[in-house]
Amino acid sequence: MPTKAVTKKEKTKVTTKKKKDLRLSATMLKTWLQCPLQFQLNYIERLPQPANTSFSLGNAVHHALELANISLMKTHKQFTNEEVEEFVQEFRDYLAKTHLDSMEYFESGATMVRGELLGLDLNERVIDAEVEFDITTPEGVRIYGFIDKVSQVNETTIKITDYKTSKIAMSWDEAKVDEQLSMYDLAATVLYPQFPNRILELKYVRLGQSLTSNRTDIAQFEFRREIASIFKAIKEYRDNPPKQRPDGYYNDKCHWCAYNKKCPAYNQQLSENMANDFVPVTELTDSTAIEELQKVSLREKALKEHKDNVKLWLAQRIENDPETDVTNGTHMINPMCSSRRYYDAEKLASLLTVDQLVEIASVSSTKVTKLLNTISDPDLKREVESAAFVKVGNPQYRIKKR
Ligand code: SF4
């Protein structure tokens, strides 16, 4: 079975029709569906996007995994620990250029890269990495984007992987209709016609979880028709933009939005008197409890993101002028580095008894799962699995559509 492999410099680019001005990316499509103001600011006014801590972390993790996948395309071999650490270092070097303010980001990103590379399933051959696509559908819609990883599962099947660094995974129902996955499916049909079966994977590297989906021919056809209508509407909007900026639609992605500082809808949420706006707990009903949980979660995320951005601004300000204190007259910023104490596990194992070690050690289930992937002895695997037990923690209340 012929496969198509490209190096980073020789990225895939397929064009099946004459180029038109407008190219629809998954981000553009999602933005259009999500919020008219964000679309206006990004794609019509083309306002520059300020630095964002979450995007910087995601980009750095993607960068390291892209390099690792390019290497895997040549070797198809499990990485040694030393090689994994080299990719972790690539991640750190990339992240260090973005002025993040907390070591926490280095630590969490390094864990993501390490976890992903130590838990690779090499039954699937990586055949492409960071694939650029630019194709035109039969309806005349030019779609554009990048695919993080393409692996060959068997003679007829490929897996399209998109890395996610978010803390919350999509539900299976959401993945079934996710626009980005539908776009990848469409692109893969053109780029890899030798593989009639396509698995679409969202790899949540922070969570160590993978969510897979697929699209039937009918679903793909429906999606093509839907984006043809949206493409037409976007073109009309782009050619005749409104004289006034549209209102923003406050939504659960606002805390990721690059323009939230300029957005009246977002700032209204930040500045509202939250105490007065809450329903007293004694008056909650099923319906208002769901609304309250939704409202508080949205604001919590918005405030966290705003705080991170203020800290990012401060880090840049201090770097630009380290000699002058940041002060408002009564208070000043005192930059401090956080530190944590670690113990060398191998050294402790050589000094303590097994009972003492068991007393102080905690085992990461994610790391055990990854380790199990590397164990070929089925009896040992079973034994390790049998050591698992479940502790029920405090309930988490996630809101989902019925
Ligand atoms: S912050 Fe939210 S409402 Fe405002 S522009 Fe961004 S996505 Fe739209």
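Residues numbered from 1 in each chain as written. Predicted model: local features only at pLDDT ≥ 70, side-chain atom pairs only at ≥ 80, totals over all residues.

(A) Focus on the overall build of the protein chain. A tally of helices and strands in the protein chain yields 15 helices and six strands. Each of the three principal axes of the protein chain carries a C-alpha extent, and together these read 75 × 70 × 55 Å. Looking at the protein chain as a whole, 24% of its 402 residues qualify as buried. (Helix = DSSP H or I, 4+ residues; strand = E, 2+ residues; numbered from the N terminus. Buried ≥ 20, exposed ≤ 12 C-beta atoms within 10 Å, placed from the backbone.)

(B) Summary view of the pairing of strand E2 (residues 125-136). Alignment of E2 against strand E3 (residues 142-154), held across 10 bridges, turns out to be antiparallel. Residue Val126 lies in a different strand from E3, and its bridge partner there is Ser151. Here E2 hands over to E3 after five residues, with Gly140 in that stretch at a positive phi of 90°. (Pairing = 2+ DSSP bridges.)

(C) Up close: the domain arrangement of the protein chain. What the domain assignment lists for the protein chain is domain 1 (24-239), domain 2 (264-320) and domain 3 (345-384). Distance between the C-alpha centres of domain 2 and domain 3: 41 Å. (Domains from an automatic or database assignment.)

(D) Up close: the packing of helix H3 (residues 53-75) against helix H5 (residues 103-118). Two numbers describe how H3 lies on H5: the axes approach to 10 Å, and their chain directions differ by 30°. In terms of axis orientation, H3 runs roughly parallel to H5. Once H3 is placed against H5, the crossing between them reads as right-handed. From H3, Thr53, Leu57, Ala60, Val61, Ala64, Leu65 and Ala68 reach across to H5, where they touch Tyr105, Gly109, Met112, Val113, Glu116 and Leu117. (Axes fitted to C-alpha atoms, helices over the stretch in contact; angles between N-to-C directions. Parallel < 35°, antiparallel > 145°, perpendicular 65-115°, else oblique. Left-handed = near helix turned anticlockwise from the far one by under 90°. Contact = placed C-beta atoms within 7 Å.)

(E) Just the site of the ligand, in detail. Neighbouring the ligand are 14 residues, the closest being Cys35, Gly248, Cys254, Cys257 and Cys263. For the shell around the ligand, the elements supplying multiple residues, two or more each, are helix H2 (36-44) and helix H9 (264-271). Classifying every residue of the shell around the ligand by side-chain character gives 10 nonpolar, four polar and no charged. (Near = placed C-beta within 6 Å. Nonpolar A, V, L, I, M, F, W, Y, C, P; charged D, E, K, R; others polar.)

(F) Structural detail: the environment of Ile158. Along the chain, Ile158 turns up in strand E4 (residues 157-164). You can call Ile158 buried: it has 24 C-beta atoms within 10 Å. The sequence separation of Ile158 and Ala388 amounts to 230 residues, and the corresponding C-alpha distance is 33 Å. Non-local contacts of Ile158, meaning those with residues more than four positions away in its chain, are made with Val150, Ser151, Gln152, Val153, Ala188, Tyr192, Phe195 and Arg198.

(G) Structural context of the nonpolar core. Residues Val61, Ala64, Phe87, Phe91, Val113, Tyr184 and Ala187 are the most contacted members of the largest nonpolar core, which totals 49 residues. Of all the elements, H3 adds the most residues to this core, at eight residues. Residues in contact with Ala187, not counting those within four places in the same chain, are Phe133, Ile135, Ile143, Gly145 and Ile147. (Core = buried A, V, L, I, M, F, W, Y, C linked by C-beta atoms within 7 Å.)

(H) Looking closely at H2. Considered for burial, the residues of H2 that qualify are Leu37, Gln38, Phe39, Gln40 and Leu41. Residues of H2 that are buried make contact with helix H1 (26-34). Once H2 finishes, Arg46 follows within two positions and takes phi at roughly 50°, a positive value.

(I) Local environment of the pairing of E3. Taken together, the two bridges between strand E1 (residues 24-25) and E3 define a ladder with parallel strand orientation. Bridged to Ser25 within E3 is Tyr144. Across five bridges, E3 lies against E4 in antiparallel orientation. Note that in E4 the partner of Asn154 across the bridge is Thr157. What sits between the antiparallel neighbours E3 and E4 is a turn of two residues.

(J) Highlighting unusual backbone geometry. Positive phi outside glycine occurs at His76, with the angle close to 50°. On the secondary structure map, His76 appears in the loop between H3 and helix H4 (81-96). Classification of His76 by C-beta neighbours within 10 Å gives exposed; the count is 12. At Glu130, a residue that is not glycine, the phi angle is positive and equals roughly 50°. With respect to the element layout, Glu130 can be found in strand E2.

(K) Looking closely at the packing of H1 against helix H7 (residues 179-191). The interhelical angle for the contact between H1 and H7, taken along N-to-C directions, is 145°, at an axis separation of 9 Å. You can see that H1 and H7 cross each other, and the crossing is right-handed. Between H1 and H7, the contacting residues are Ala26, Leu29 and Lys30 on the first element and Glu179, Gln180 and Met183 on the second. For the contact of H1 with H7, the class distribution of residues is three nonpolar, one polar and two charged.

(L) Inspection of the environment of Asn214 at higher detail. Relative to the helices and strands, Asn214 is located in the loop between strand E6 (209-213) and helix H8 (217-239). When the 17 C-beta atoms within 10 Å are taken as the criterion, Asn214 is described as partly exposed. Taking the C-alpha atoms as reference, Asn214 lies 31 Å from Glu236; in sequence the two are 22 residues apart.

(M) Layout of H1. Residues of H1 that are buried include every one of Ala26, Met28, Leu29 and Thr31, and no others. The secondary structure elements touched by the buried residues of H1 are E1, H2, E3, H7 and H8.

(N) Region of the structure containing the confidence of the model for the protein chain. Confidence in the prediction of the protein chain, expressed as mean pLDDT, is 85, and 90% of residues score 70 or more. Contacts from residues 1-19, a stretch scored under 50 in pLDDT, to residues over four places away or in other chains number 39 contacts. (pLDDT = per-residue confidence, 0-100.)

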